[in-house]
Structures are given as structure tokens and as C-alpha cells.
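# Chains, contacts and geometry: an overview
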Amino acid sequence: MIHGKCDRRLLVGVFCSLATMCLWGACFWQLATKFRSDSSVFLSSLPTVNTQLCNCLNNGSCENEICICSDEWKGDHCEIANFCEKSEYNSSEGLLTFNQILVGQYGYSKEECGPNTLNANISKATRLCTEKDGIITLQNVILTDCNENLNHLTEKVMKHITEEELLKIATAAQILTSEPHELTQENISFAAQIVQRVLNQSDILDSFEAAFMAITTISQLLNANEVSFDPTNNIFNITQSVTEILGDILTDLEIDFDQVVQPNLAVSSIILESGMTHGIMLSILKGFDDTLVSKRIELNTNASKLLLNTNAEVQIFVNVSTNHTQDGKLGFILYQNDKFFKSKIHHSINNQSRQVISGNIAEGTLNGVELLFNPKYNSTEYFIHDHACVFWDYDVDDWNTAGCSKSTDEFGHLRCQCNHTTNFAVLMCFRRNYTYTKPLDIVSYVGCGFSIAGLSITIAFQIITRQARKASLTWVTVSLCTSMLMANLIFVFGINNPNALNEKSAANTTENIILPSDQSDPPEVYLCTAAAAILHYFLMATFTWSALYGAQMYVLLVHVFKPLPRHFLIWISVVGWGFPAVIVVITLATTYKADNALNYRQEEFCWLAGLDLHGNLDLSKPMLWGFLIPVGILLIFNFVMFVLVTRLVLFKDHGTCSAKEATSAKKMMGSLSVATVLCLTWSMGYLTLIKHDEVQIILSYIFCALNATQRLLPRNKTRLYSEDCQTELVYFPALRGPFKGECSRPKQTAMTVYRYSSCSLLGREYFKKSMLPGIPDFL
């Protein structure tokens, strides 16, 4: 009979050992596979030699075999200068010096008005850099009056003035707004009124020069503080009038406007021959920055349709017919941002700048407008979830979608079709590029299956044999295993977010409606939030019961022949199940919001949130104070218990025969088994967060190996001991041995299968990247 029991014990032990070795090998195999795949990805990502080099000069970059030049250079290879060199000028105000000036733009002198003047710190002069027939020329210097401010200019421009006086006022306003970031809201209001009046008078007096100065001023105002353009203040009404008048000037047949390009504003005017149907296409190409330069504005006056340019950021195609009696005129306006078009319906959260482009027709019939937008944005962090094609409705002073439809082509470009001309834009709604976790692999499922089976067997055995063993440790063991079992079940069945199935899906493809915001969060999945909360609870319960397991171990060793304190099990039950509940309730109450679930949990998988948008540890998120700190404290407590228990096991004279016969090696092995339960494994999990590749790899192997060792750990548990030896020896396999003398052999033995955590590589990565992100580098 005894021989049969030993055979069964031997078979179970062999099975557990083989299973542990297989899972251990699977861990290392996954690590090796990962390293091989990482190496292949690295090699494939190495830049290949391009046989058709762009040969870009002057720091130009090659994209799609085309040179992308900086603003200062142009040409197929960025070999042609697009600027005027630094210059000096002797004037009545003394020597004036100018930095490099881009073609088509104004430059301002380094010399500024004195501190005692009305225009302190404003440049004394300005000059224009022009190009004609390939020759770049600096125009004459224009001086400003340092004691003339915008308020005085506003009073002057409202009077009846000549074209010469209008030009002087326009020049002065341009210079006084050359530092837009320093303009007050009152100054911006005065400047907008001056521009409005100058444009009006330019239309009446047919003054191209004054309109040119006004356009430069508008471009500078578009760099002013954004809060100044609130739709509820007076500036908003003035800027609306400015945009309307600017469109009228471009279609004035008496003004030869051609093309003007400033950093934030570009205008172009085309004469349409009478009695014909015209296809006009304007393309704004991408550059190094967000400023507009003339070399990146392409105009095609003989287009039959919108021809896609992959290097273009915005394209507009207008099909118009003119009558047989008079020529027509078409004017384009491009605003580099939407500060003059602040909406009360659409709110910008990401501060995403959007371009506004308009087409205005005089003496012609519109056949159709087609637009293409290929906006610049951080595609690694965001993707365009939805968009709306809109125009600015001056009747309601806001965006409208009437007469416009939207679509998206196979390249992801946003397309709009409209049946009227005005100021067009595309309202975009962005969503973050979440890297959803992949479903568990086969090794993980097998590992978790063994874990769940082992925990279930342990719980069942502890409950069934509780009367026979009469050991007070039963309740602690059952509670610990139950919390781990539930954590494993939630991890297997609830860790993946269902939103991963709809990753990067568009909201709709045809319905063109105004979007309330430029940011969209994924739909709330209440099951995912519930899974995160439940997993949080049972993981905290696991660490708490592990600490209580160590505490009870220590108490039993100190009071070997004494019963546990009264109500001890009741108190540890309250702590074991109550403490995690308090942590979870506080975490939910302080961080979860119905309209912002991602403040509580992560989107990539169903677990606590811990990082901000830049991948740094966010103290406002619950990961740190709701999990890392409590678990860290419990691990430190477990380590203290381990040290105390080890000291008692190794150096205390237990006075029992088996303890006397136990060797130091057996005691050390017993202590090591206690360490894996109390602190060693999860401490390695913490240390894997050290941001040093070599150290991280070594610790990852150790962490994986310890988890595998814990997976199926056979231990002989004595069910019935003699009264003298029962209390202590039941807990320490290292002190068991052939019982002689005063100690009798156990009447029955049984196998308990323990499992504490998953060993698969995914399980390790889950702990490292999910439960403990953002640990500082100095750990």
C-alpha cells in the first residue's frame, strides 16, 4: 500500500517536473524567437542605397525622388537662391542693417525705435525683396515714424485721403505689426480696422501697392496670439469684413493683382477669357515648415480636372464658364491658419492648424469646385477618424456644409466637392493611434491553462481536507489561490479591448456634418472598464494575501506551540479582502469619468492608465498610486518577512528530531521556496523595468524562469502530524525527513500543486509594459 502511494507521488512529481521544464523551454524559445525577429527587422530597416539619388544641394531633402528645398532655395536640386542677401542702407536715421530676406517678402531693420518713443522696440524701416525675370532685387527702404501708433493711424485712415496718403498709412501699419506676438488685443483691433479701410480704399482707388501692404499686414496678424480672435469680441466682426473685402478686391477687373505670397497668406488672380470654359487648378506644395513661399505655389490655368500631386498639401480645381461679352476674373486666397474663422460650433482641442482656401468669381458661371486636402500631422500618434467639408457662411458667422460633399481617395487624401465658391476648409477629427495588444498566443493559453488547473486543484484539495488537517493556514492558502485564480481568468478572458477589432475605422464615409471637436476618443467599453477594475482588485488581493501568508508564517514560527491570537483569521480576512477593495474604490471614485474613461484605464488593453500622451508617467493617473506604490510596499513587507522567516529556519533550535537532522542545504531550499512565494519573483518583475538592454534581458530570463518554477511546484503536504510536530513542520518542506524518536511519520500525504503566475513571454511582457510602465530610469 505504501509502495503504491509512493509510485503515485513519483508519477505526479515526474509529470510536474516535465511540465515545468516544457514551459520553461517555451519561455526561452519565445525570447530567442523575439530576438531573431528583432534582428531581422533591424536589418530590413537599414537604409538601402538609392541608385537614383536626387542630388539635393543646400540641405535639401529627397522625398519620392524629388528635392524638398528650404525656403531660401529653389530649383530641381535646390541650387537657385530664393532670397536677398544681408544689406545695409544709409538713411536720415543713420545706418540701417537688414538680415537675409526671402523673395516676395518684407524684411525689417535691426535698428529699432528708441525707448522713449510711442513705438519703442519696433523696427525703424522695412524693405521688400522682389524677383523679375530671374533677377532678385532689393527695393528702396521705407522709414517709419517712431511716434505714430496704430490708434493715430486708425483716426487718419477714416478721413478722406489720397492714394499717396493711403500708401503711407498702409506702410506704417505694416511696420507697426511686424512683431505680432507683442500686440495687445487693442492693437490688433486697431490694425484690423486699418486693414479693412485700406482694402476698401484700394478697391475704390485701384491701388495695388496699398492692397499689397494690407495683405502683408494681414499675414502678420495671423501670427498674433490666438486668444485675441475669440468669436465673441469686436475683432472677430472686423476680420470677417476683412476677408469679404479681400475677396472683392481680387475679382476687381480694374486691379492687376497677379500673385502675392506672404508667410501666412497667399493671393492669386487670373483673368478669364470671355466665351470659354476654364479649368483652373491651384496647388500648395509641402515644405520644411508652415510658412508660405511663392516657389511652392503652383497655378495651372489649363487643367481639365484635379490632377493629384502627392507633394501638395492643398489643391483646388475650379471649372467656370464666361459669357461672350466680357472677360471674367477668378481670385484665390489661401489662409495658412483659421484665426480669422473662429467657430462657435467646432472646438479645437489639439490646436491643429487648418488652412482655409477660397475661390471668388466675377463675370462667370461656376460649374463646380473640387478640393483635395493632404494635411500635415503626426501620423505616428494620430489618424484622421472623420472629416467634414465646410465653407464659411457669413450669414451665421460660422462653418456650414450646405452644397458640399466629402470623400476619401485610396491614398487617404481628403476630397471635397462643392457647387459654390467661398472660403473652404476641412474640419478634421483625430483619434490617437493606439497600439492594441495582440491576443494571447498558444504558449500563453497553455501556461494559463496549467495555472488555472493547478490553482483549482489546490483550492479543492485545501477545502476537502480541511477537517483532516485542521491547519490554520488553509484559509490563507485558499484565499491566496482564489485571488490568483480570478486574476488569471480575468487576464485570459478580459484583458483584450474589443475596440481593437475596429482599429482605425472611419466614423462614416458619406455623411457630411459639422464635427463638434477635432478630437475623438474611442467608444467606451464598459466591460473593459469592469475587467480593469476586477483585475486590479484580485491582483491587489494576491499581493495582500501573499503578505498575510508571510506574516502568518512568522507568527507560527515565533509561537510554535501556542495557538494563534484570538480572531486572528477574522482580522486577516478583513485585511486580505478589504484592503484591496478600499484601494479599488478610491481609484475608481477619483479617476473614472463617464465621458473620459481613459483617465482610469488604458485603451490598448483593459488595465489601469499610467502614462500621459508622451509616454511619461502621469501622477494624475491611477497606475502609480493605485497599484505600483501599494504593491511596492507589500513587496518590501514580504521581503522583511522572508528575512525573518529565513533567520528563524536557519538559526533557530527547533528542538524536533526532523529539524535536528535537516541539513543546511535542505533548509536553504525550503527558504528559497518561501522566497519565490513572498517576494523574489515579483521583485524581478519590478527590476525588468530597468532601461538597460543587457540587464533587462538577464532579468527577463530570471523572471521567466522563476515564474516557470512556480507554475507547477510539487510539495508534500502532511495532512496529519503528531500533536508535538504539527504546528511547525506542516509549513516547511526543508524540515521534513525520516521521522525518528519522538516524531511519528505522517499518517497520510497528498500532493498539492501550486501556481503563482504565468511564465509565457507575453505574460512577462504584460507585467513589464502594462502593469508597471513608466518606472524612472534610476531604478
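The rules we used
Residues numbered from 1 in each chain as written. Predicted model: local features only at pLDDT ≥ 70, side-chain atom pairs only at ≥ 80, totals over all residues. Heavy atoms only, no water. Helix = DSSP H or I, 4+ residues; strand = E, 2+ residues; numbered from the N terminus. Buried < 20%, exposed > 50% of the residue type's maximum accessible area, 1.4 Å probe, protein only. Contact = heavy atoms within 4.5 Å. Areas by Shrake-Rupley, 256 points an atom, 1.4 Å probe, with all protein chains shown as cover. Salt bridge = Lys/Arg side-chain N within 4 Å of Asp/Glu carboxyl O. Core = buried A, V, L, I, M, F, W, Y, C linked by side-chain atoms within 4.5 Å. Pairing = 2+ DSSP bridges. Axes fitted to C-alpha atoms, helices over the stretch in contact; angles between N-to-C directions. Disulfide = S-S within 2.5 Å. Patch = residues over 30% accessible without salt bridge, like charges linked within 9 Å, V, L, I, M, F, W, Y side chains within 5 Å. Polar contact = N/O pair within 3.5 Å; in protein donor to acceptor, adjacent residues only side chain to side chain. Arc of directions from axis to C-beta. Lys, Arg positive; Asp, Glu negative; His and termini not counted. Charge placed at Lys NZ, Arg CZ, Asp CG, Glu CD. Parallel < 35°, antiparallel > 145°, perpendicular 65-115°, else oblique. Left-handed = near helix turned anticlockwise from the far one by under 90°. Nonpolar A, V, L, I, M, F, W, Y, C, P; charged D, E, K, R; others polar. pLDDT = per-residue confidence, 0-100. Phe/Tyr/Trp six-rings, centres within 6.5 Å; stacked < 30°, edge-to-face > 60°. Lys NZ or Arg CZ within 6 Å of the ring centre and 35° of its normal.

A few words on the overall build of the chain. Helices and strands together make up the secondary structure of the chain, namely 18 helices and 27 strands. Residues classed as buried in the chain amount to 52% of the 779 residues present. Nonlocal contacts in the chain, meaning residues at least 24 apart in sequence, comprise 73% of its contacts between residues at least 6 apart. For the chain, the accessible area works out to roughly 36,500 Å², and carbon and sulfur atoms hold 58% of it.

Further remarks concern the pattern of salt bridges. In total, this model carries eleven salt bridges according to the counting rule given. Its salt-bridge partner being Glu148, residue Lys156 comes within 2.7 Å of it at the nearest N-O pair. The salt bridge involving Glu603 is made with Arg601; its shortest N-O contact spans 3.5 Å.

Positioned with a positive phi, Asn121 is a non-glycine residue whose angle comes to about 70°. Within the secondary structure layout, Asn121 lies in the loop between β9 (106-108) and β10 (125-132).

It is worth spelling out the nonpolar core at this point. Counting 60 residues, the largest nonpolar core has Leu199, Ile218, Leu246, Phe257, Val267 and Tyr335 as the members making the most contacts within it. With near-sequence residues (within four places) excluded, Leu199 lies in contact with Ala211, Ala214, Ile218, Val242, Ile245, Leu246 and Ile249. Leu292, Val320, Leu334 and Phe391 belong to the second-largest nonpolar core, a separate cluster that totals 32 residues.

Time to look at the sheet that holds strand β23 (residues 404-408). Spatial strand order, β16-β15-β17-β20-β24-β23: six strands in an open sheet with antiparallel pairing. Edge positions in the open sheet fall to β16 (297-300) and β23, since each of these has one partner strand only. Strand-to-strand twist across the sheet, computed as the mean angle between neighbouring axes with direction ignored, equals 15°. Where strand β17 (residues 312-321) and strand β20 (residues 365-373) come together, eight bridges link them in antiparallel fashion. Considered in β20, the bridge of Val320 is made with Leu366.

Moving on, we come to the state of the cysteines. Applying the stated rule across the entire model yields seven disulfides. Note on cysteine connectivity: Cys389 is disulfide-linked to Cys416, with sulfurs 1.9 Å apart. Residues Cys389 and Cys416 are joined by a disulfide whose S-S torsion is about -80°; by sign, that bridge is left-handed. One end of the pair, Cys389, is in strand β21 (residues 382-393); the other, Cys416, is in strand β24 (residues 414-418), and 27 residues separate them in sequence. In terms of burial, Cys389 and Cys416 fall into one category: buried. Shown here is the disulfide that connects Cys528 with Cys606, its sulfur atoms set 2.0 Å apart. The disulfide joining Cys528 to Cys606 has a torsion of about -120° about its S-S bond and is therefore left-handed. One end of the pair, Cys528, is in helix α10 (residues 526-558); the other, Cys606, is in the loop between α11 (568-591) and α12 (622-651), and 78 residues separate them in sequence.

A cluster of nonpolar side chains, namely Ile636, Phe639, Val640 and Val643, defines an oily patch on the protein surface of about 360 Å² accessible area. Assignment of secondary structure puts Phe639 in helix α12. Of the residues examined, Phe639 reaches a relative accessible area of 46% and is grouped as partly exposed.

What follows is about the side chain of Lys329. Relative to the assigned elements, Lys329 resides in strand β18 (residues 328-335). On the accessibility criterion, Lys329 (2% relative accessible area) is buried. Of note is the side chain of Lys329, whose polar atom sits 3.4 Å from the side chain of Ser269.

This brings us to the side chain of Ser517. Along the chain, Ser517 turns up in the loop between α9 (473-494) and α10. The exposure class of Ser517 is buried, given its relative accessible area of 14%. At a separation of 3.1 Å, a polar atom in the side chain of Ser517 contacts the main-chain amide nitrogen of Gln519. Not counting chain neighbours up to four residues away, the residues in contact with Ser517 comprise His346, His347, Ile349, Met428 and Cys429.

Before going further, it helps to spend a moment on helix α2 (residues 150-157). Leu150, Leu153, Thr154 and Val157 are the residues of α2 that are buried. Along α2, the residues classed as buried sweep out an arc of 105° about the axis, all on the same side. Here the buried face of α2 lies against α3 (163-176) and α4 (185-205).

With that settled, consider a negative patch on the surface. Taken together, Glu163, Asp206, Glu209 and Glu254 make up a surface patch of like negative charges. Mapped onto the elements, Glu254 comes out in the loop between α6 (234-250) and β13 (259-262). When its relative accessible area of 60% is taken as the criterion, Glu254 is described as exposed.

Looking now at the sheet that holds β21. Strand order in this open sheet of seven strands is β13-β14-β18-β19-β25-β21-β22, and the pairing throughout is antiparallel. Lying at the two open borders of the sheet, with one neighbouring strand each, are β13 and β22 (398-400). Ignoring strand direction, the axes of neighbouring strands in this sheet form an average angle of 25°. Its contacts with the sheet put α6 on β14 (265-272), β18, β19 (356-362) and β21, and the angle it makes with β18 is roughly 145°.

Turning our eyes to something else, we now look at the packing of α2 against α3. The geometry of α2 relative to α3 is characterised by a closest axis approach of 10 Å and an angle of 155° between their N-to-C directions. Here α3 runs roughly antiparallel to α2, going by the angle between their axes. α2 and α3 meet at a crossing whose hand is left-handed. Contacts from Leu150, Leu153, Lys156 and Val157 of α2 reach α3 at Leu166, Ile169, Ala172, Ala173 and Leu176. By residue class, the composition of the contact of α2 with α3 is eight nonpolar, no polar and one charged.

This paragraph deals with the confidence of the model for the chain. Averaged over every residue, the pLDDT of the chain is 76; the share at 70 or more is 73%. Predicted confidence is poor over residues 38-52, with pLDDT under 50, and the contacts of this stretch with residues over four places away or in other chains come to one contact.

To continue, consider the packing of aromatic side chains. Taken as a whole and judged by the stated rule, the model has 18 aromatic pairs. On the numbers, 5.5 Å between centres and 80° between planes, the contact of Trp73 with Phe83 is edge-to-face. Of the two residues, Trp73 sits in strand β3 (residues 73-74) while Phe83 sits in strand β5 (residues 83-84), which places them ten residues apart along the sequence. Looking at Phe83, the relative accessible area reads 9%, which means it is buried. With centroids separated by 5.0 Å and ring planes inclined at 90°, the aromatic side chains of Trp392 and Trp399 adopt a geometry described as edge-to-face. Taken together, Phe229, Phe236, Tyr335, Phe340, Phe341, Trp392 and Trp399 form an aromatic cluster joined through their ring pairs. The ring centre of Phe98 lies 5.4 Å from the NZ or CZ of Arg127, which sits over that ring.

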